[in-house]
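The primary structure of each chain is shown beneath.
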Amino acid sequence: MTHAGELRRRTAELLAAYPPATTDRLDFLRARFDAGLAWVHYPEGLGGLGAPRSLQVVVDEELAAAGAPDNDPRRIGIGLGMAAPTVLRYGTEEQKARFLRPLWTGEEVWCQLFSEPGAGSDLAALGTRAVRDGEDWVVDGQKVWTSSAHLARWAILIARTDPDAPKHAGITYFICDMTDPGVEVRPLRQITGEAEFNEVFLTGVRIPDRHRLGEAGDGWRVAQTTLMNERVSIGGMRLPREGGMIGPVAKTWRERPELRTHDLHQRLLKLWVEAEVSRLTAERLRQQLNAGQPGYEGSGMKLAFARLNQEISGLEVELRGEEGLLYDDWTMRRPELVDFTGRDAGYRYLRSKGNSIEGGTSEVLLNIVAERVLGLPAEPRTDKDVPWKDLAR
C-alpha cells in the first residue's frame, strides 16, 4: 500500500520534472493527474494510486510549499464534488478515461441538471423526458437553479425514461453535452442581483447511450451517490478555525469595539462555539469518508451549514448597524463562483438565504436525518407505488 514517504517521493519527482515556476499551469496539472497525485484514493490511471484518502493532505502540503498551482477547486466544485464520484462509481472504463482527467484539471466545467420548476424538494417527481431512439436518447424538458450552466461543457442529468413506473423507478442518469444546439441556458437573477444560477431548456437534445451512467431506470440510485457527495461538499468543507462566515464577524468585533453590546456579545459567543463544533464535526465526517462512501450524515452537516450561515450573517448586519445595510454592487453579473468571505456583509446576508434551499431544502434534509440517521418512522407516502403518469400534477 502507498504510504506517506512514497507519496513525498513521487511528489518530489513531479516537482523536479515540472518545476512550477517554469511550467505552464495546465501542463503541471495534467502531469500531476498522470502521476496519480490528483486524488490519491482514486485508482491508478485515473488520477490516483489507490492510496488511503487521508494521505491526500501529504501531497497537497508538499505542493503548496513548492508554490505549485491548484486546479481552482471552487470554480469546478460541481465536477469535483458531485460528478467525479458518480462517474467513478457507476461509469464505464471508457467514461472514466474520457471525463475524469479534464474534469480534475478544470479544462471542462460541469453543472447539475436535477431540479425542475415542478420538482425541487420532491426531485423524484421530475418530468423531463428521455425517449430511446436507436443508439441515442432524445431529451425534452426544463431544469432550474443550475449553477455554472453558462460555463459548463458537461452536465449530470436525470430524466424520466419510464412514465409507467413509480416515480423513483422510472428515472435514468445521463451525461449531457451542454454545447448541444438543443440546450438553451437563460440567466436566473437572484436577490443578490447576480445570475449565478440559470434555467436550462432542453429541446430534442440527443444523448448517446454511451453517455448513460448506470442502468436505464436505475437513475434514482445513481443520483443518491451524487446527492450525498453534494451535501458533504457543501457542509463538510475543510476550514481553519474562524474560517467561513464566522471569520468576518469575529474580525469586525475585534477591530470595532464601538459597535459592541452585551447582547451581541452573547450571541456571537454562541455562534462562534457552534461554528467551531460544526468545523470539527466536518473533520470527523471526512475521516469517516476515508473508510468508504459518504453516508447520510452529510445531510446533517449541510443543515448546520445553512442555519449557521444565516444566523451569523444576520448578526453581522446587526453588528455593523447602518453599514450592514449597504450593498456593494447590484450589477447584473454571471459569476464563476460564490465568494462569501470576499464580499461585504450585505452580500453575505442576502446570499446565505439560498443555503437552506440549494443542495436539498432544510425540510427535506430534516426528514432524511430523521429516517436514515436516527431511524425514526418514515412519513406516509401515498404515491410510492403509483405510476408517475397517474400522479396529480
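In every chain, residue numbers begin from 1 and rise along the written sequence. Where totals are concerned, whole chains, interfaces and linings use all residues; where local detail is concerned, this predicted model gives features only for residues with pLDDT of at least 70, and gives and counts side-chain atom pairs only at 80 or more. To obtain the side-chain values, all non-hydrogen atoms of the structure were included, while hydrogens and water were left out.

A. Molecular detail of the overall build of the chain. For the purposes of this entry, the term helix denotes a DSSP run of H or I that reaches at least four residues, the term strand denotes a run of E that reaches at least two, and both are numbered from the N terminus. If you tally the helices and strands in the chain, you get 11 helices and eight strands. A compact globule built from 393 residues would reach a C-alpha radius of gyration of about 21 Å, and the chain, at 22 Å, matches this within 12%. The principal-axis extent of the C-alpha atoms belonging to the chain is close to 70 × 55 × 45 Å. To sort residues, take the accessible area from a 1.4 Å probe on protein chains only and compare it with the maximum for the residue type: under 20% means buried, over 50% means exposed, and anything in between is partly exposed. Looking at the chain as a whole, 50% of its 393 residues qualify as buried. Taking the contacts inside the chain whose residues are at least 6 apart along the sequence as the reference set, 71% of them involve residues at least 24 apart. Accessible areas in this description were obtained via Shrake-Rupley with a 1.4 Å probe; residue shielding takes into account the shown protein chains only. Total accessible area computed for the chain in this model is approximately 18500 Å², and 53% of it derives from carbon and sulfur atoms. As defined in this context, the radius of gyration uses C-alpha atoms, and a globule is described by 2.2 Å times the residue total to the power 0.38. Here a residue-residue contact requires only that any non-hydrogen atoms of the pair lie within 4.5 Å.

B. Representation of the side chain of Asn71. Tracing the backbone shows Asn71 in the loop between helix H3 (56-65) and helix H4 (77-90). When its relative accessible area of 7% is taken as the criterion, Asn71 is described as buried. Within 3.5 Å is the distance limit for a polar contact, defined as a pair of N or O atoms, with the added protein rule that one can donate a hydrogen and the other accept it, and that residues adjacent in sequence qualify only through two side-chain atoms. Within the local environment of Asn71, its side chain forms a polar contact with the backbone oxygen of Trp104, the two atoms lying 2.9 Å apart.

C. Structural context of the pattern of salt bridges. We define a salt bridge as a side-chain nitrogen of Lys or Arg found within 4 Å of a carboxyl oxygen belonging to Asp or Glu. A full pass over the atoms with the stated rule returns 44 salt bridges. Note that Arg75 and Asp72 form a salt bridge whose closest N and O atoms lie 3.5 Å from each other. Taking the relative accessible area as the measure of exposure, Arg75 reaches 21% and is therefore partly exposed. Between Arg351 and Glu196 there is a salt bridge whose closest N-O contact spans 2.8 Å. Taken together, the positions of Arg351 in helix H10 (residues 345-351) and Glu196 in the loop between strand S6 (183-188) and strand S7 (197-208) put the pair 155 residues apart, joining distant regions of the chain. Here the two residues Arg351 and Glu196 agree in accessibility, since each one is buried. Each of Arg256, Glu258, Glu316, Arg320, Glu323 and Arg348 takes part in salt bridges that share partners, so that together they form one network.

D. Focus on unusual backbone geometry. Residues other than glycine seldom take positive phi values, yet Asp72 does so here, at roughly 55 degrees. Checked against the element boundaries, Asp72 lands in the loop between H3 and H4. A relative accessible area of 29% means that Asp72 is categorised as partly exposed. Not every positive phi belongs to a glycine, and Trp145 is a case in point at roughly 60 degrees.

E. The arrangement of the pairing of strand S2 (residues 129-133) in detail. Paired strands, in this sense, are two strands between which DSSP finds at least two bridges. When S2 meets strand S3 (residues 136-143), the two strands line up antiparallel, connected through five bridges. Along S3, the bridge assignment pairs Arg132 with Trp137. In sequence, S2 turns back onto S3 through a hairpin of two residues, with Gly134 there showing a positive phi of about 65 degrees.

F. Representation of the packing of aromatic side chains in the model. The rule is short: rings of Phe, Tyr and Trp, with Trp giving its six-membered ring, pair when the centres are within 6.5 Å, and they are stacked under 30 degrees, edge-to-face over 60, tilted in between. The full count for this structure, using the stated rule, is 10 aromatic pairs. Relative to Trp154, the ring of Trp110 lies with its centre 6.4 Å away and its plane at 35 degrees, an arrangement referred to as tilted. One end of the pair, Trp110, is in strand S1 (residues 110-113); the other, Trp154, is in strand S4 (residues 154-160), with 44 residues separating them in the sequence. Given the relative accessible area of 4%, Trp154 is considered buried. Pairing Trp145 with Phe197 gives two aromatic rings, centres 6.2 Å apart and planes at 80 degrees, and the pair type is edge-to-face. With Trp145 in the loop between S3 and S4 and Phe197 in strand S7, this pair connects stretches of sequence that are 52 residues apart. Pairwise contacts between aromatic rings join Phe33, Trp39, Tyr42 and Trp104 into one cluster. Criterion for a charge above a ring: Lys NZ or Arg CZ within 6 Å of the ring centre, and within 35 degrees of the ring normal. When the ring centre of Phe201 is taken as origin, the NZ or CZ atom of Arg186, which lies over that ring, is 4.0 Å away. A cation over an aromatic ring shows up here: Arg343 above the ring of Tyr347, its NZ or CZ 4.0 Å from the ring centre.

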